[in-house]
Amino acid sequence: MIKTKVLVIGSGPGGYTAAFRAADLGNEVTLIESHKTLGGVCLNVGCIPSKTLLHTAEVINEAKHANELGVTFKSPKIDIDGVRKNKEAIVSKLTGGIQALAKARKVKVITGYAKFLSKNQVALDGTDEVIEFEQCIIATGSRVTKFPMFPFEDKRVMDSTDALMLDDIPKRMLVVGGGIIGLEMATIYDALGSEITMVELGNQIIPVADKDIVTPLFKKIKKTYANVFLNTKVTKMTAAKKGIKVEFEGKDAPESDTFDKVLVAVGRTPNGLLIDAEKAGVNIDKSGFIATNNQMKTNVDNIFAIGDIVGQPMLAHKATHEAKVAAEVISGKKTGFNALTIPSVAYTDPEVAWTGKTEKELIEAGVKFDKGVFPWAASGRSLSIGRSEGVSKALFDAESGKILGMGICGNHAGDLISEATLAIEMGCDMSDIALTIHAHPTLSETTAFAAEMAEGTITDLMPPRKKK
Ligand code: FAD
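Residues numbered from 1 in each chain as written. Predicted model: local features only at pLDDT ≥ 70, side-chain atom pairs only at ≥ 80, totals over all residues. Heavy atoms only, no water.

### Topic: the sheet that holds strand 20 (residues 369-375)
Strand order in the open sheet formed by five strands is 18-19-22-21-20, with antiparallel pairing between adjacent strands. The open sheet has two edge strands with one neighbour each: strand 18 (344-346) and strand 20. In this sheet, neighbouring strand axes are inclined to one another by 10 degrees on average, regardless of whether the strands run parallel or antiparallel. Here seven bridges tie strand 20 to strand 21 (residues 391-397), and the two strands are oriented antiparallel to one another. (Pairing = 2+ DSSP bridges. Helix = DSSP H or I, 4+ residues; strand = E, 2+ residues; numbered from the N terminus. Axes fitted to C-alpha atoms, helices over the stretch in contact; angles between N-to-C directions.)

### Considerations on the site of the ligand
If you check the shell around the ligand, you find 38 residues, and the closest are Gly14, Glu33, Lys51, Asp308 and Ala316. One nitrogen or oxygen atom from the main chain of cysteine 42 is found 3.3 Å from an oxygen atom belonging to the ligand. Separating an oxygen atom of the ligand from a side-chain N or O atom of lysine 51 is a distance of 2.7 Å. Protein contact buries 94% of the 1000 Å² of open area that the ligand shows by itself. Elements supplying a minimum of two residues to the shell around the ligand: helix 1 (13-24), strand 2 (29-33), helix 2 (40-45), helix 3 (47-65), helix 6 (180-192) and helix 8 (316-330). It is helix 2 that contributes the most residues to the shell around the ligand, four residues altogether. Here the residues of the shell around the ligand are counted per class, giving 18 nonpolar, 16 polar and four charged. Both domain 1 (2-143 + 269-330) and domain 2 (157-266) contribute no fewer than three residues apiece to the shell around the ligand. (Near = heavy atom within 4 Å. Polar contact = N/O pair within 3.5 Å; in protein donor to acceptor, adjacent residues only side chain to side chain. Areas by Shrake-Rupley, 256 points an atom, 1.4 Å probe, with all protein chains shown as cover. Nonpolar A, V, L, I, M, F, W, Y, C, P; charged D, E, K, R; others polar. Domains from an automatic or database assignment.)

### Let's talk about helix 1
Under the 1.5 Å per step criterion, the end-to-end length of helix 1 is 16 Å for twelve residues, consistent within 8% with the ideal 16 Å. Counted residue by residue, helix 1 has ten buried out of twelve residues, so it is predominantly covered. Those residues of helix 1 not exposed but buried are Pro13, Gly14, Gly15, Tyr16, Thr17, Ala18, Ala19, Phe20, Ala22 and Ala23. Lining the buried residues of helix 1 we find strand 1 (2-9), strand 2, helix 2, helix 4 (80-104), strand 6 (130-138) and helix 8. Immediately downstream of helix 1, the backbone of glycine 26 shows phi near 95 degrees, a positive value. (Expected span 1.5 Å × (residues − 1). Buried < 20%, exposed > 50% of the residue type's maximum accessible area, 1.4 Å probe, protein only. Contact = heavy atoms within 4.5 Å.)

### Things to note about the side chain of threonine 17
By secondary structure assignment, the location of threonine 17 is in helix 1. If near-sequence neighbours (up to four positions away) are discounted, threonine 17 is found in contact with Gly12, Thr320, Ala323 and Lys324.

### Focus on the nonpolar core
Judged by nonpolar contacts, the single largest core of 50 residues is most densely connected at Phe116, Val122, Ile138 and Ile303. Excluding anything up to four places from it in sequence, valine 122 contacts Leu7, Ile9, Ile32, Ala114, Lys115, Phe116, Leu117, Glu129, Val130, Ile131 and Phe133. Grouped together as the second largest cluster of nonpolar side chains are 38 residues, Met158, Ile206, Val214 and Cys409 included. (Core = buried A, V, L, I, M, F, W, Y, C linked by side-chain atoms within 4.5 Å.)

### Brief notes about unusual backbone geometry
Cis rather than trans, the peptide bond between glutamine 312 and proline 313 has omega equal to -10 degrees. Here proline 313 shows up in the loop between strand 17 (303-305) and helix 8. Cis rather than trans, the peptide bond between aspartate 349 and proline 350 has omega equal to 5 degrees. The backbone of leucine 166 shows a phi angle near 55 degrees, a positive value even though the residue is not glycine. Its identity as a non-glycine residue notwithstanding, isoleucine 206 has a phi of 40 degrees, on the positive side. In this fold, isoleucine 206 is placed in the loop between strand 10 (195-199) and helix 7 (211-224). Classification of isoleucine 206 by relative accessible area gives buried; the value is 1%.

### Things to note about the domain arrangement of the protein
On domain assignment, one finds that the protein holds domain 1 (2-143 + 269-330), domain 2 (157-266) and domain 3 (344-455). Listed by partner, the interface residues are 15 residues for domain 1 and twelve residues for domain 2. Taken over both partners, the interface formed by domain 1 and domain 2 buries close to 1300 Å², and the fraction arising from carbon and sulfur atoms is 70%. Joining domain 1 to domain 2, the criterion identifies one salt bridge. A total of eight residues in the side of domain 1 that touches domain 2 trace back to one element, the largest contributor, which is helix 3. Of the residues belonging to the side of domain 1 that touches domain 2, the class tally is nine nonpolar, three polar and three charged. (Buried area = accessible area lost by both parts, 1.4 Å probe. Salt bridge = Lys/Arg side-chain N within 4 Å of Asp/Glu carboxyl O.)

### Observations concerning the packing of aromatic side chains
Two numbers describe a pair of aromatic rings. These are the distance of the centres and the angle of the planes. Tallied over the entire structure, the rule returns seven aromatic pairs. Aromatic side chains phenylalanine 374 and phenylalanine 449 sit 4.9 Å apart centroid to centroid with 45 degrees between the ring planes, which places their arrangement in the tilted category. Of this pair, phenylalanine 374 sits in strand 20 while phenylalanine 449 sits in helix 13 (residues 445-455); the two residues are 75 residues apart in sequence, bridging distant segments of the chain. An identical accessibility class is assigned to phenylalanine 374 and phenylalanine 449; each is buried. Among the aromatic residues, ring-to-ring pairing joins Phe147, Phe150 and Phe152 into one connected group. One residue, lysine 146, lies across the ring of phenylalanine 152, its end atom 4.6 Å from the ring centre. (Phe/Tyr/Trp six-rings, centres within 6.5 Å; stacked < 30°, edge-to-face > 60°. Lys NZ or Arg CZ within 6 Å of the ring centre and 35° of its normal.)

Shown next, in the form of structure tokens:
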């Protein structure tokens, strides 16, 4: 029997952050991970491999469009093994780094699958090993949602993990789901040479974001991909010799079509129902989520939960912040998860990012707001890098002028959104943003220009007419 003060289950961005922070605060910590390497979905089969491949895609696309700058490159020769090796090297570097940091902090790492026996014990599945703990942090994350109607047993039907393995470059590929993961994977395979068809059930891609913020991306993929079907449902998928036959239901889609490969990117399921948490008395809802208070405590006083398993948005940066809260509360600190906003980013081409409230959320809630929209076609920097399709939109409270939300579509939108996130946390108003001197010429100016559009102080464009 192993005894530990703090047990962390799962080593994703939530789990390893919690383990390391708890160790730094003087606790004796044990970390259990079932996968052969640390880092969870994010490092192994999520954020990092996808962003590495998206960088490869960016290089290919930049080279393709260089002729607009008067420089012509030959068509690229894709060495798929080389692309895969580069991705694997980055993943190994990071997962190895986490292992080294665990060792440096004297965090005991155990490989195995933990299941609860009681509120103070877990067992390693398939062994006699029992671990007794005083405090536990559940960070077991989420997995790909597998609908039984899709024939995943056929290797040509992929989930995001399969797609990141980059076994080959299919000639014709269908991406089911126009959310962030589907769009990022489509960006990668399109650049590598696949002919992409995308199908989305909703009436826009990235249905949670404002439509005007995704429009520049939508226009681009409509031009580049073979087809993008909105308001369309996949009703049947059959594995045939020639390919995967897919049947559709939607106004613009054909009745059926056959693809060399299909990527299904339609959501993720929390792992709460797989760990016998009920034996510890932890409440889990029927989808597998575990509810917590803002100190990340479950209904059982010595058991905490963080990351994808506690709810949306399923994002790594939410998991790491929740992790620090849990570790600090365990260590006696008076802290809580009080973030005003969690930014979301699609690392597509162009990128889409948003933070705070969306315009549709404000309308639905009946909040009166002012809006500043700055088209990147009027930004010297975006024109000089050949990326004028972007748009920045800032939303302010009509009475106080405080920033409520921001959406950006354009190159590096994911980096640019941090300024608005900080502005929301600091309670900035439109003048704070407009009067902050942004270096010229930068893409970050577009945030200040969006605030100037709302204020009516813009000079790089005509100020919008104020409503009487
Ligand atoms: P996870 O990362 O899911 O880790 C949970 C770990 O627990 C896993 O390693 C699992 O093996 C282990 N585990 C599960 N059960 C047990 C058990 N019983 N015993 C022991 N170990 C167990 N988020 C972003 O913020 N930015 C991105 O760019 C981004 N890109 C993504 C791209 C893709 C393709 C995918 C799939 C996801 C992406 N995400 C991204 C989401 C991000 O990966 C998750 O939000 C994040 O990994 C959640 O962290 P976590 O710590 O909650 O759990």
